[in-house]
Amino acid sequence: MPLISTETKGVFVIAVTPFHEDGALDHESIDRMVDFYYEKGADGLTILGMMGEAPKLTQAESIEITRRTLKRSPGKAVVVGVSAPGLAAIGELTKAVMDMGAAGVMVAPPSNLRTDEQIITYYRNVVETVGTEVPLVLQDFPLSTGVQISSKTLGVIFENHPSIVMLKHEDWPGLQKITDLREAEARGRRRISILCGNAGVFLPEEMQRGADGAMTGFAYPEMMVDVVRLSNEGNHDAAQDMFDAYLPLMRYEQQPGMGLAIRKYVLAQRGAIANAAQRRPGAALSPRAANEVDRLIDRQTRRLAKLA
């Protein structure tokens, strides 16, 4: 299996974790979902992320999901989220998934970090725990973690730890951070791969600021693939037109507390997973909300037909 690097580009879909209605893992849907993402053009996958309900999984389930995903992903890079409250759990899961062939691991900062020094020390401890040979993704998602990491602090961490090869950029607003990082590289700091999250809602602007692609879980990965491709070709108007066709559904998915329920509902409607079940605790769409999503999907389909 390939490893991620500072040159990694493209679309890495943040995969959901499929469950049966009783909360058990849906192994058949894992296979179907992985195939679906690659059929839609994904360059790789990221599993066991925040939108993959990782905190609701046991360590054994996390390892089983990784094993099954890797088996279904020959030649593809699969990043595994290993964030946990303690370093021992991070180290244990990292060793297990890297031994199986993962392309790297992703770690978000715990919510108790407040100062720059605490953040810098934390990632030094993470690198010491997993080993310098493991490619690391630093997940910068302050809306979820509550941890604010400045461009300057990111630069210190990247300089100190060459094994941190990628930033999962999910600050909001955060476009200036991409510019800051790329300008620092132009002045001589080492390159870092930047893949962006937040369901892709700023993807056209992020690409124009110098991002390398997307690492998020919107239920239409083909849109992200097209926007990244067109942006890399310099065809930003076409990239924006493609993005705009999906924007109403992306906006609807951004409702706090409902995003995963909407995403899983759409994936189930598309046949990628058997049903939209989440493991408890988890929200579910009301019949009226499901009707609203269906309407948005229908309007999106018609708009894409006109665009074509």
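Definitions and cut-offs
- Residues numbered from 1 in each chain as written.
- Predicted model: local features only at pLDDT ≥ 70, side-chain atom pairs only at ≥ 80, totals over all residues.
- Heavy atoms only, no water.
- Helix = DSSP H or I, 4+ residues; strand = E, 2+ residues; numbered from the N terminus.
- Rg over C-alpha atoms; globule rule 2.2 N^0.38 Å.
- Contact = heavy atoms within 4.5 Å.
- Lys, Arg positive; Asp, Glu negative; His and termini not counted.
- Charge placed at Lys NZ, Arg CZ, Asp CG, Glu CD.
- Axes fitted to C-alpha atoms, helices over the stretch in contact; angles between N-to-C directions.
- Parallel < 35°, antiparallel > 145°, perpendicular 65-115°, else oblique.
- Left-handed = near helix turned anticlockwise from the far one by under 90°.
- Nonpolar A, V, L, I, M, F, W, Y, C, P; charged D, E, K, R; others polar.
- Buried < 20%, exposed > 50% of the residue type's maximum accessible area, 1.4 Å probe, protein only.
- Phe/Tyr/Trp six-rings, centres within 6.5 Å; stacked < 30°, edge-to-face > 60°.
- Salt bridge = Lys/Arg side-chain N within 4 Å of Asp/Glu carboxyl O.

A. A look at the overall build of the protein. What the protein contains, in helices and strands, is twelve helices and eight strands. For the protein, whose C-alpha radius of gyration is 18 Å, the value lies close to the compact-globule estimate of 19 Å for 308 residues. For the protein, the spread of C-alpha atoms along the principal axes amounts to about 50 × 45 × 35 Å. Put simply, of all contacts in the protein between residues at least 6 apart along the chain, 73% involve residues at least 24 apart. Measuring between centres, the 34 positive side-chain charges of the protein sit 2 Å from its 38 negative side-chain charges.

B. Looking closely at the packing of helix α3 (residues 87-100) against helix α4 (residues 116-130). Contact pair α3 / α4: the axes reach a minimum separation of 9 Å and the direction vectors enclose 40 degrees. On the basis of their axis angle, the class for α3 and α4 is oblique. By crossing handedness, the relation of α3 to α4 is classed as right-handed. Between α3 and α4, the contacting residues are Leu 87, Ile 90, Gly 91 and Thr 94 on the first element and Tyr 122, Asn 125, Val 126, Thr 129 and Val 130 on the second. Across the contact of α3 with α4, the residue classes break down as five nonpolar, four polar and no charged.

C. Spatial organisation of the packing of α4 against helix α6 (residues 151-160). With their axes 10 Å apart at the nearest point, α4 and α6 run at an angle of 25 degrees to one another. One element, α4, and the other, α6, form an angle in the roughly parallel class. α4 and α6 meet at a crossing whose hand is right-handed. Of α6, the residues touching α4 (which contributes Asp 116, Ile 119, Ile 120 and Tyr 123) are Thr 153, Val 156, Ile 157 and Asn 160. Looking at the contact of α4 with α6, its residues break down into five nonpolar, two polar and one charged.

D. Spatial organisation of helix α11 (residues 259-269). Counting buried positions over the eleven residues of α11 gives nine, a clear majority of the element. Regarding α11, the residues found buried are Gly 259, Leu 260, Ala 261, Ile 262, Arg 263, Lys 264, Tyr 265, Val 266 and Leu 267. Buried-residue contacts for α11 involve α1 (27-39), α10 (236-253) and α12 (287-307). Immediately beyond the C-terminal end of α11, within one or two residues, lies Gly 271, with a positive phi of roughly 85 degrees.

E. Layout of the environment of Met 250. If you trace the backbone, Met 250 turns up in helix α10. Distance from Met 250 to Val 201, taken between C-alpha atoms, is 6.7 Å for residues 49 residues apart in sequence. Ignoring any residue separated from it by four or fewer positions in sequence, one finds Met 250 in contact with Ala 199, Gly 200, Val 201, Phe 218, Met 223 and Phe 243.

F. Molecular detail of the packing of aromatic side chains. Inspection of every chain in the model, using the stated rule, returns six aromatic pairs. With a centroid separation of 5.3 Å and 85 degrees between ring planes, the pair formed by Tyr 122 and Tyr 123 is classed as edge-to-face. With relative accessibility at 2%, the residue Tyr 123 sits in the buried group. Centroid distance Trp 172 to Phe 202: 5.1 Å. Interplanar angle 80 degrees. Geometry classified as edge-to-face. One end of the pair, Trp 172, is in the loop between β6 (164-169) and α7 (175-186); the other, Phe 202, is in the loop between β7 (193-196) and α8 (203-209), and 30 residues separate them in sequence. Classification of Phe 202 as partly exposed rests on a relative accessible area of 24%. Pairwise contacts between aromatic rings join Phe 218, Tyr 220 and Tyr 246 into one cluster.

G. The arrangement of the pattern of salt bridges in detail. Counted by the stated rule, this structure contains 20 salt bridges. Asp 31 is paired through a salt bridge with Arg 72; the nearest N and O atoms lie 3.8 Å apart. Here Arg 72 lies in the loop between α2 (59-71) and β3 (77-81) and Asp 31 lies in helix α1, a separation of 41 residues in the sequence. Note on Arg 72: relative accessible area 35%, which makes it partly exposed.

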